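Coordinate analysis (summary)
Given next are the chains, with one letter for each unit.
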Amino acid sequence: MPISGVVITCRPEASRELCRQLDQPGVVEVTHTLEDGSLVAVIESSSVDDEVSVVKSIMATAGVLDVRIAYHNFEDIADRA
Amino acid sequence: MGKDGQNGGPGCTRRQFLKGGASLPLGLVMAGGLVSIPYLRRTGGGEFMLRPPGALEEKRFLGACLKCGKCARVCPYGSIRLAGPEAGVAIGTPVIIPRKEPCYLCPDLPCVTACPSGALDRGVQEVEKVRMGTAVIVDRANCLSLRGLRCEVCYRNCPLMDKAITIEPRHNERTGTHTIMEPVVHHDKCVGCGICEKTCVRERPVIVVQKSPPRQDDHYEF
Amino acid sequence: MALSRRDFLKASAAAAALAAATGGRLGVDDAEAAEGGLKWGKAPCRFCGTGCGVLVGVKDGKIVATKGDPAAPVNKGLNCIKGYFLSKVLSGKDRLTKPLIRKGNRMVEASWDEAMSLIASKFKESIAKHGPDSVAIFGSGQWTVFEGYAAAKLFKGGIGTNNIEPNARFCMASAVTGFMSTFNSDEPMGCYDDLDLGDTYFLWGANMAECHPVLFSRLIDNRLKNQKVKIIDFGTRHTRTSQMADMYIRFNPQTDLALLNGIAHIIVRDKLYDESFIRKHVVFKKGKTNIGYGLEDKFKFADDPKPMSFDEYREFLAPYTPEYVSRLSGVPVNTIEEVARLYADKKRKVNSLWTMGFNQHVRGTWVNNLVYNVHLLTGKICKPGENPMSLTGQPSACGTAREVGTFTHRLPADMVVTNEEHRKKAAEIWGVPVEKIPAKPTYHATEMFRALDRGDIKVLWVQVTNPFQSAPNLSRYRKGARKGGGRFIIVSDIYPTRSTELADVILPSASWVEKEGFFGNAERRGQQWFKMVDPPGEARNDLWQTIELAKRLGYGNLFPYRYVEKEIFEEYRKFTVGGKDLAPYEAYTRARGLRWPYVNGKETLWRYAEGYDPYVKAGEGVKFYKNKPTDGRAVIWARPYEPAAEVPDKQYPFWLCTGRVLEQWHTGTMTGRVPELKRAYGTAVCEMHPDDAKRLGIKQGGKVKLTSRRGSIVLTADLRGRGKAERGNVFVAFFDENKLINELCIDAYCPISGEPDYKKCAVKVEKA
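Residues numbered from 1 in each chain as written. Chains lettered and ligands numbered in written order. Predicted model: local features only at pLDDT ≥ 70, side-chain atom pairs only at ≥ 80, totals over all residues. Heavy atoms only, no water.

1. Structural notes on the overall build of chain B
- Helix and strand counts for chain B stand at 6 helices and 6 strands.
- Sequence-ordered secondary structure for chain B, helices as α and strands as β, is α-α-α-β-β-α-β-α-β-β-α-β.
- Per-residue burial for chain B yields a buried fraction of 52% across its 222 residues.
- For chain B, the proportion of contacts with a sequence separation of at least 24, taken over those separated by at least 6, is 64%.
- Within the structure as shown, chain B displays about 11000 Å² of accessible surface, and the carbon and sulfur contribution to it stands at 55%. (Helix = DSSP H or I, 4+ residues; strand = E, 2+ residues; numbered from the N terminus. Buried < 20%, exposed > 50% of the residue type's maximum accessible area, 1.4 Å probe, protein only. Contact = heavy atoms within 4.5 Å. Areas by Shrake-Rupley, 256 points an atom, 1.4 Å probe, with all protein chains shown as cover.)

As structure tokens, then:
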């Protein structure tokens, strides 16, 4: 169950709208919006392949300029809460 | 395009890394691993001794070498030294210690010409044919290029640059926006001159010349 | 409620991404977390214009370590091999630690008071006898902003002479005049993010692989991620950059002018241009032609711009057919056609990057104009991932030399001495009468050394640079410096150099983190650092030295500061408000650099672009608002091909090109003190083509003698090195203080920028 932290660079004017558009609980969670309009988001997925397709779909969203992965964890994790 | 004549393309390097780049999955852990091999000692222990260009296989070389020192005398760089008593039976034989002075591969190989005994084989006339040993990155963890720094000093100093050492670029996962320019030694082209070992900027060289691995023939043509 | 492991991982992911996005925004105090008594502080690298961030580890008042700063957005913890050895560059055994005064052929230790008294008396004497234009200061793009500002203020506002120049005149003046003539504002619209965001990169006379190593690593990474990315290297020498490019296009020296006009010819011929962009944002102009080479002393040139129509521009381009350009440049016709189509491809984000091949050029301003022409014709400019960009070679060539304006004709922030309004503004901020600032520029760098040789300049102070190794036609200027006749030379440096050996007084300077500083890199990023260690012995900051001279000349009132660095910066910042807006000093102490204009707490990534540049109004899209005379439009210039100043002939049949290598920086005064770098590349060699070598009986590793009309030198031949010289060309790096290759270089320069052409002169090559 990979989890990654990404920085989404987008056109500043599109940032607010993208924040709404991209946020899908359990898949993509936008955690921060930065001064320059960049978004910080956490992606959860079932497999690395799945994650690739999520990132690709973010990249393909209008207004998104670049998606950079800053953190990636794919250890096999079990919820112990 | 542009691959014809003077505007020649960059060759296989580009193709190889494009292929690598395309298949990189997200979150790929840094390839290569961090294997550390203790610094090889070549003198004293009767281990590998780097001989001048054209030297016969070690046993035959020891049999043929007259220990006359002529090769050392003609070497314009003072790279060829004569082994001391710590070398045991090999005392007085010519040896190159790259970290002190490597072989600069004179185009006319004066050491080979000077050798009266044939211990340095006259048949070796081109520097590309020389096989003194093979360079190996023995300490990957301490190689600056492998950590993403722009060093590659060994590559740029290699007299057979782009043949014996090439740069294989790959994505730097840690920064996300830079390239790791990995120097890769090609054993079929490396002559073992030791210039890479000499110029390595680390206190202990992370790339050193070792005994060339023996050929193992099969029928694949790649 | 316990935090689940998954929540924890998610929080870590968000924190890591946030840190990457914001560059950590760590203050120095945070970074100083003690680590076994080791304190870390931030600073930009001391070397090139890339502006990599580094962390400096200090223990017991000594620098014990440096490392790339992971929070620095430019390099994210990486460095090149020079940056890796930063901790060693300040601690060479022969650091200068005491002022030295010449007594005959000996340099004798003196106190600061003696040295400064002597210097002040020489300045006073010379000014009294020969006027203020008989004294001069020659600084550099390695001056901190404070040092450059103080020198400009003292010389222009105090002494009342425009005799101030930086070595940046030798390295990027053509980029400045290119920006000024096309956009009426210096410095690029784009930033390094363009290296990540574009897909087509044309490199012109730029060996990025060796000279901007960390940026090159970023560019190559873009290609690793995106198969569409193409890197096309235009050059006259096959370099490590060419090796990694998708296409290496060799052209005959000087014909870049023809190639760019040829590319524009095809774009116009086939209507590949962006008509609406041209209509809205562009005007056409032509200037003088056949403009000379500045070879004679006191050469003067003033361009005479005339407007022209698109049709007239089309006519101007008519002769530059692919066939004509091909004959001139040696580039095949189909390659020229293909390149023009790549430039114009609407599906491609196109960038041009250049360095000294363009700037050190007798038509440097023109060739800068011509590359903008192509971007302006196609509208590929002022967009993320799509820009022309000049890369700089010194850490503060932009921040100090260009922005502070330490050139003879300049005042801070794009202002010039020839403009009365500008002089008024400067005089007001400086608190001096406006008449004090002379309205006429005096000498640019080459002319300054000519004036010293002639005796028109008597007293010259050199700070933070090594002109008696780096000037072209070096023999003349080295001899000129020691002609006597009242000439007096002061050199401030940290090591003995080829310039200190000609000095009458040598002042030991503090360097880098031995003082508080501020550099501006090539992407408009200003970076501040604090003093972290004391300089060795009695060495002192150049800023202190300049202000000390000011006091002794009676201009101490111009420098009434307590916290000198910060107050100077805030004073200088007044010049930038409403244009190149710099951020408050405090902001830089916290950030890993900020890109100007900095307005309302935000830096600017792309200038002139709506949504990024605060000065572009909604609906304008792109606005070249700094160009008021043309109503906010950029200029496409008709600039023809004209030959080099000196072309190979029967007697001198080879082109000589000079440049840099990765391991050594400029004149090697710092990198030359690092044994590891010396071992990696310690001696300058002569790169030549194996066929030429064979014909002349020269072997790999053999000796070769190069002779130009100005000097000769013996070097080791290298036929298999990192750079592959083309037939009829040789290349020599200029870092080696024992091999003064610049003695061979011609001191011809671009008449508009005054920048000399170190890339082209004619030499004879013989076996030695």
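2. Here's the deal with the interface of chain C and chain B
- With 51 residues of chain C at the interface, the matching set in chain B holds 49 residues.
- When the two sides are added together, the surface that chain C and chain B hide from each other amounts to roughly 4300 Å², 52% of it contributed by carbon and sulfur.
- The largest per-residue losses of area from chain C upon contact with chain B belong to C:Leu224, C:Arg679 and C:Arg720, which jointly make up 17% of the total buried on that side.
- Connecting chain C to chain B are 3 salt bridges.
- Here B:Asp162 and C:Arg240 are joined by a salt bridge, their closest N and O atoms 2.8 Å apart.
- Connecting chain C to chain B are 22 residue pairs in polar contact (both at pLDDT 80 or more).
- Broken down by secondary-structure element, the contributors of at least two residues to the side of chain C that touches chain B are helix H3 (81-84), helix H9 (208-211), helix H10 (213-225), helix H11 (240-244), strand E11 (247-250), helix H16 (333-344) and helix H27 (675-680) of chain C.
- Considering only residue class, the side of chain C that touches chain B consists of 21 nonpolar, 11 polar and 19 charged. (Buried area = accessible area lost by both parts, 1.4 Å probe. Salt bridge = Lys/Arg side-chain N within 4 Å of Asp/Glu carboxyl O. Polar contact = N/O pair within 3.5 Å; in protein donor to acceptor, adjacent residues only side chain to side chain. Nonpolar A, V, L, I, M, F, W, Y, C, P; charged D, E, K, R; others polar.)

3. A look at the side chain of C:Glu642
All names here are of chain C.
- Checked against the element boundaries, glutamate 642 lands in the loop between strand E24 (634-638) and strand E25 (654-659).
- Within the structure, glutamate 642 has its side chain in polar contact with the backbone nitrogen of asparagine 290 (distance 2.4 Å).
- Sequence-distant contacts of glutamate 642, defined by excluding residues within four places in its chain, comprise Gln254, Leu257, Thr289, Asn290, Ile291, Arg363 and Trp366.

4. So, the confidence of the model for chain B
- Summing up the model confidence of chain B, the mean pLDDT is 81 and the portion of residues at 70 or higher is 79%.
- The low-confidence segment residues 1-46 of chain B, where pLDDT is below 50, has 81 contacts with residues more than four positions distant or belonging to other chains. (pLDDT = per-residue confidence, 0-100.)

5. Some points on the sheet that holds strand E14 (residues 350-354) of chain C
Residues and elements named next belong to chain C.
- Pairing in this open sheet of 5 strands is parallel, and the strands run E11-E9-E8-E14-E15 from one edge to the other. Edge positions in the open sheet fall to E11 and strand E15 (388-390), since each of these has one partner strand only. Going across the sheet, the axis of each strand differs from the next one's by a mean of 15 degrees, ignoring polarity. (Pairing = 2+ DSSP bridges. Axes fitted to C-alpha atoms, helices over the stretch in contact; angles between N-to-C directions.)

6. Observations regarding the environment of C:Gly393
All names here are of chain C.
- Inspection of the secondary structure assignment puts glycine 393 in the loop between E15 and helix H19 (397-405).
- It is 9.9 Å that separates the C-alpha atoms of glycine 393 and glycine 51, two residues lying 342 residues apart in sequence.
- The residues touching glycine 393, leaving out its near neighbours within four places in the chain, are Phe47, Cys48, Gly49, His212, Trp665 and His666.

7. Details of the packing of aromatic side chains
Residue and element names in this part refer to chain C.
- For the coordinates displayed, the defined rule picks out 49 aromatic pairs over all chains.
- Judged by centre distance (6.1 Å) and plane angle (70 degrees), the ring pair of phenylalanine 123 and phenylalanine 155 falls under edge-to-face. Here phenylalanine 123, found in helix H5 (residues 112-130), pairs with phenylalanine 155, found in helix H6 (residues 145-159); they are 32 residues apart in sequence, far enough to count as distant.
- Judged by relative accessible area, which is 0%, phenylalanine 155 ranks as buried.
- Both rings, one in tyrosine 608 and one in phenylalanine 624, keep their centres 5.2 Å apart while their planes meet at 55 degrees; by these two values the pair is tilted. (Phe/Tyr/Trp six-rings, centres within 6.5 Å; stacked < 30°, edge-to-face > 60°.)

8. Points about the domain arrangement of chain B
Residues and elements named next belong to chain B.
- Structurally, chain B comprises domain 1 (58-127) and domain 2 (133-212).
- Using C-alpha coordinates to define each centre, domain 1 is positioned 26 Å away from domain 2.
- Contact residues are listed per partner, giving 9 residues for domain 1 and 12 residues for domain 2.
- Each partner contributes to the roughly 840 Å² buried at the junction of domain 1 and domain 2, and carbon and sulfur atoms together form 60% of this total.
- For the domain 1 face of the interface with domain 2, the top three residues by lost area are Pro98, Arg99 and Leu105, together amounting to 63%.
- A salt bridge links glutamate 101 to lysine 198, with the shortest nitrogen-to-oxygen separation between them at 4.0 Å.
- Viewed at the interface, domain 2 and domain 1 are joined by 7 residue pairs in polar contact (both at pLDDT 80 or more).
- For the side of domain 1 that touches domain 2, a count of residues per class yields 6 nonpolar, no polar and 3 charged. (Domains from an automatic or database assignment.)

9. As for the pattern of salt bridges
Residue and element names in this part refer to chain C.
- Evaluation of the coordinates by the stated rule reveals 69 salt bridges over all chains.
- With a closest N to O distance of 3.3 Å, arginine 595 and glutamate 603 form a salt bridge.
- Classification of arginine 595 by relative accessible area gives buried; the value is 7%.
- With a shortest N-O distance of 2.8 Å, arginine 727 and aspartate 691 are connected by a salt bridge. Of this pair, arginine 727 sits in the loop between strand E29 (724-725) and strand E30 (729-733) while aspartate 691 is found in helix H28 (residues 690-695), placing the two residues 36 residues apart along the sequence.
- Linked by salt bridges that have partners in common, Asp297, Glu447, Arg450, Asp453, Arg454, Asp456, Arg476, Lys483 and Asp747 make up one network.

10. Looking at the packing of helix H20 (residues 420-430) of chain C against helix H25 (residues 564-576) of chain C
Residue and element names in this part refer to chain C.
- At a minimum axis distance of 10 Å, the contact between H20 and H25 shows a crossing angle of 155 degrees. Our classification of the angle between H20 and H25 gives roughly antiparallel. Note that H20 runs across H25; the crossing there is right-handed. Contacts from Lys425, Ala426, Ile429 and Trp430 in H20 reach Glu571, Lys574 and Phe575 in H25. (Parallel < 35°, antiparallel > 145°, perpendicular 65-115°, else oblique. Left-handed = near helix turned anticlockwise from the far one by under 90°.)

11. Description of the packing of helix H15 (residues 322-329) of chain C against H16(C)
All names here are of chain C.
- Where H15 contacts H16, the two axes come as close as 8 Å, and the packing angle between them is 115 degrees. In this view, H15 runs roughly perpendicular relative to H16, as classed from their interaxial angle. Crossing geometry of H15 relative to H16 is assigned as right-handed. Where H15 approaches H16, its residues Pro322, Glu323, Val325 and Ser326 are matched on the opposing element by Val333, Ile336 and Glu337.
- The residue makeup of the contact of H15 with H16, split by class, is 4 nonpolar, 1 polar and 2 charged.

12. A closer look at helix H1 (residues 15-22) of chain A
Residues and elements named next belong to chain A.
- Taken as a whole, H1 has its buried residues at Ser15, Leu18 and Leu22. Burial along H1 is one-sided: seen end-on, the buried residues are contained in an arc of 55 degrees. Facing away from the buried side of H1 by more than 90 degrees, the exposed set consists of Arg16 and Arg20. (Arc of directions from axis to C-beta.)

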